[in-house]
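Survey of secondary and tertiary structure
So you can see what is in the structure, the chains are spelled out below.
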Amino acid sequence: MGGWFIVDKHWEMDTELIHRHSEQKQTGAVAQAIVPAVAYSFADCQTAMEVVSGKQEGTYYGRYGNETLYALEEKMAVLENGEAALGVSSGMAAISIALLAFLKYGDHVIVTKDVYGGTHKFLTSLAPRFGITFNYVDCTNPANIIRAMRDNTKAVYIETPSNPLLTVLDIEAIAKITKRYGLPLIVDNTFMSPYLQKPLNMGADVVVHSATKYLNGHGDVLAGFIVGRTEHIQFMRQNIMGDLGQVLSAWDAFLILRGLKTLGLRVERHCSNAHQIAAFLSAHPLVETVHYPGLECHPQHEIARKQMQGMGGIVSFELKDGLEAAKEFMDALKLAMISFSLGDPETLVQHPATMTHFSMSDKDRTAAGITDGLIRLSAGLESASDIIYDLEEALQTINQKEKEGLLWKTV
Ligand SMILES: Cc1ncc(COP(=O)(O)O)c(C=O)c1O
């Protein structure tokens, strides 16, 4: 019976992830029901009119949401400590909706220079068609944000830790600035999930997620979330997501609700595996640099310790011999898979310069520090010793090729 009565207490995160969903309140069912209906009927015309005009709560058409998704949105709002949440069809849908909600023709946005390649592409190719301009700013020094402000600046957008270089930004310090200047601060929290970091608690106004990654955690759903104030979320639902048709389906919402139940267990394992991998790579003679916030040598290690509950599951590193070595290394891996995504049970590697950040110009990539030898690794849930064995064997392969003069050095 317990599940029926627990919804008013604020539980620890591990408990919140498993309990609190509307099906428990309504029917007592332990798992969330999938409600795939697109259309909803009304008892009478008056009710229909009031629901459509927003005077009465209710669902009238699936493009604006569905019952399964509402249960997930309620959970996401609780997890991120926001007033409301909106579930959408991908992380990029979440990012573009959040930006479009605060920006219109003639506006300018300040963006951290370390952003996911898709965000970069949206800002450079689509946003300018709607008269929106932006500036990349090194937000590791928050004072740079003030210097970059213009009369028409309407928002600040950051990602921390960043993809793929794991740059960590001081959310609290940046939020103090954005509050002083009355600008909304939008934070991409994909790499952390609310399990490890809650930007709204540190003063951010809006959180966005690619739920395709850790939140779902099984590599079988594309989804995104926006969490923030009710008025902002309502505007995004009614005027952007619904009109552009970017809703998350009931089936996908169900899978994420299921995935979330194990988020805590998964994230702890991802973090511990990533830490062991980062330590191994740091000590390897063929590895030039390792980027992992959990390493004491990481430039923002102290900020990471202050604002993150764990150091995350992503490690990126550069091999000494550049592109050729990176390719040889990735091809030699037997357990880790070459893949675009991250946060899955499988260990995944990718080459940002030619994969996730391919759409950036050479100049922008160089400015962002994405070198040809850089590899991003998403630590999976396998045994850490097996992942490290796989990495060691692959490094041994390139070492051998180098000795035999078979590796064409690009650096
Ligand atoms: C940090 C970050 N934000 C957003 C996205 C975009 O998410 P999606 O692929 O779900 O659109 C990604 C994808 O890799 C990401 O790494």
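Because the structure is a prediction, the values reported are computed rather than measured.

**Quick look at the overall build of the protein**
Looking only at helices and strands, one finds 16 helices and 12 strands in the protein. Taken against the 2.2 N^0.38 rule, which gives 22 Å for 411 residues, the C-alpha radius of gyration of the protein at 22 Å falls within 12% of a compact globule. Overall, the protein is about 80 × 55 × 35 Å in size when its C-alpha atoms are taken along their principal axes. Residue burial in the protein is summarised as follows: out of 411 residues, 56% are buried. A separation threshold of at least 6 residues defines the contact pool for the protein, and within that pool the share at least 24 residues apart is 72%. Approximately 17,700 Å² of the protein is accessible, and the part contributed by carbon and sulfur atoms is 54%. Averaging the locations of the 35 positively and 47 negatively charged side chains of the protein gives two centres separated by 4 Å.

**Thoughts on the UniProt feature "modified residue: N6-(pyridoxal phosphate)lysine" (unreviewed entry) in the protein**
Under the feature "modified residue: N6-(pyridoxal phosphate)lysine" (unreviewed entry), the UniProt entry names Lys213. You can call Lys213 buried: its relative accessible area is 16%. Excluding anything up to four places from it in sequence, Lys213 contacts Thr190, Ser341, Leu342 and Gly343.

**Here's the deal with the environment of Leu381**
In this fold, Leu381 is placed in the loop between strand 12 (374-378) and helix 16 (384-403). When its relative accessible area of 24% is taken as the criterion, Leu381 is described as partly exposed. Taking the C-alpha atoms as reference points, Leu381 and His357, separated by 24 residues in sequence, lie 25 Å from one another. Once residues lying within four places of it in the same chain are set aside, the contact partners of Leu381 are Arg266, Arg269, His270, Asn273 and Pro345.

**With respect to the site of the ligand**
Not every one of the 16 residues close to the ligand is listed here, only the nearest: Gly91, Met92, Asp188, Ser210 and Thr212. Separating a nitrogen atom of the ligand from a side-chain N or O atom of Asp188 is a distance of 2.7 Å. Taking 390 Å² as the accessible area of the ligand by itself, protein coverage stands at 93%. Of the pockets mapped on this structure, the ligand occupies the second largest pocket. At three residues, the largest contribution of residues to the shell around the ligand is made by helix 5 (residues 91-102).

**Topic: the confidence of the model for the protein**
For the protein, per-residue confidence averages 93 on the pLDDT scale, and 95% of positions sit at 70 or higher. When mean pLDDT is compared element by element in the protein, strand 5 (residues 185-188) scores highest at 99, while helix 2 (residues 22-26) scores lowest at 64. Under a pLDDT of 50 for its full length, residues 1-7 has, in the predicted model, nine contacts with residues more than four places off or in other chains.

**Let's talk about the sheet that holds strand 4 (residues 153-159)**
Spatially, the seven strands line up as an open sheet ordered 1-7-6-5-4-2-3, and their pairing is mixed. In this open sheet, the two edge strands, each paired with only one partner strand, are strand 1 (84-88) and strand 3 (133-137). Each strand axis lies, on average, 20° off the axis of its neighbour in the sheet, ignoring direction. Of the strand pairs in this sheet, strand 4 and strand 5 are connected by four bridges, and their pairing is parallel. Following the sheet pairing, Val156 is matched in strand 5 by Leu185. Packed on one face of the sheet, helix 4 (residues 67-80) meets strand 1, strand 6 (206-210) and strand 7 (224-228) and runs near 130° to strand 1. Relative to the sheet, helix 6 (residues 117-126) contacts strand 2 (108-112), strand 3 and strand 4, its axis offset from that of strand 3 by approximately 140°.

**What to know about the domain arrangement of the protein**
When the domains of the protein are assigned, the result is domain 1 (2-260) and domain 2 (263-402). A C-alpha centroid distance of 27 Å is found between domain 1 and domain 2. Contact with domain 2 buries surface across domain 1, with Leu165, Leu196 and Tyr214 losing the most and accounting together for 23% of the total. Remark: the boundary between domain 1 and domain 2 carries one salt bridge.

**Describing the layout of surface pockets**
The computed volume of the largest pocket comes to approximately 960 Å³. Lining the largest pocket are 34 residues, and of these Glu57, Gly58, Tyr70, Gln234 and Arg237 sit closest to its centre. Secondary-structure elements contributing two or more residues to the lining of the largest pocket are helix 2, helix 3 (45-53), helix 4, strand 1 and helix 10 (230-244). Class assignment of the residues belonging to the lining of the largest pocket gives a composition of 13 nonpolar, 12 polar and nine charged. Size it by volume and the second largest pocket reaches roughly 290 Å³. Looking at the second largest pocket, it is lined by 20 residues, and the ones nearest its centre are Gly91, Tyr116, Asn163, Ser210 and Lys213. In terms of residues, the lining of the second largest pocket owes the most to one element, helix 5, which gives three residues. Per-class residue counts for the lining of the second largest pocket are eight nonpolar, eight polar and four charged.

**With respect to the state of the cysteines**
Scanning the model with the defined rule gives zero disulfides in all. As a non-bridged cysteine, Cys271 has Cys297 as the owner of its nearest cysteine sulfur, 17 Å distant. The class for Cys271 is buried, based on a relative accessible area of 12%.

**Focus: the pairing of strand 4**
Among the seven residues of strand 4, six are classified as buried, and the element is accordingly described as predominantly covered. A crossover links strand 4 with its parallel partner strand 5, the connecting element being helix 8 (residues 171-180), and its sense is right-handed.

What counts and what doesn't
- Residues numbered from 1 in each chain as written.
- Predicted model: local features only at pLDDT ≥ 70, side-chain atom pairs only at ≥ 80, totals over all residues.
- Heavy atoms only, no water.
- Helix = DSSP H or I, 4+ residues; strand = E, 2+ residues; numbered from the N terminus.
- Rg over C-alpha atoms; globule rule 2.2 N^0.38 Å.
- Buried < 20%, exposed > 50% of the residue type's maximum accessible area, 1.4 Å probe, protein only.
- Contact = heavy atoms within 4.5 Å.
- Areas by Shrake-Rupley, 256 points an atom, 1.4 Å probe, with all protein chains shown as cover.
- Lys, Arg positive; Asp, Glu negative; His and termini not counted.
- Charge placed at Lys NZ, Arg CZ, Asp CG, Glu CD.
- UniProt positions renumbered as here; feature names shortened; annotations may be inferred.
- Near = heavy atom within 4 Å.
- Polar contact = N/O pair within 3.5 Å; in protein donor to acceptor, adjacent residues only side chain to side chain.
- 1 Å grid on protein atoms, 1.4 Å probe; cavity = no way out; pocket = protein on both sides within 12 Å on 5 of 7 lines; lining within 4 Å.
- Sits in = over half its atoms within 2 Å of the grid points.
- pLDDT = per-residue confidence, 0-100.
- Pairing = 2+ DSSP bridges.
- Axes fitted to C-alpha atoms, helices over the stretch in contact; angles between N-to-C directions.
- Domains from an automatic or database assignment.
- Buried area = accessible area lost by both parts, 1.4 Å probe.
- Salt bridge = Lys/Arg side-chain N within 4 Å of Asp/Glu carboxyl O.
- Points joined across faces, edges and corners; volume = space filled by probe spheres on them.
- Nonpolar A, V, L, I, M, F, W, Y, C, P; charged D, E, K, R; others polar.
- Disulfide = S-S within 2.5 Å.
- Right-handed = clockwise from strand over helix to strand, strands pointing away.

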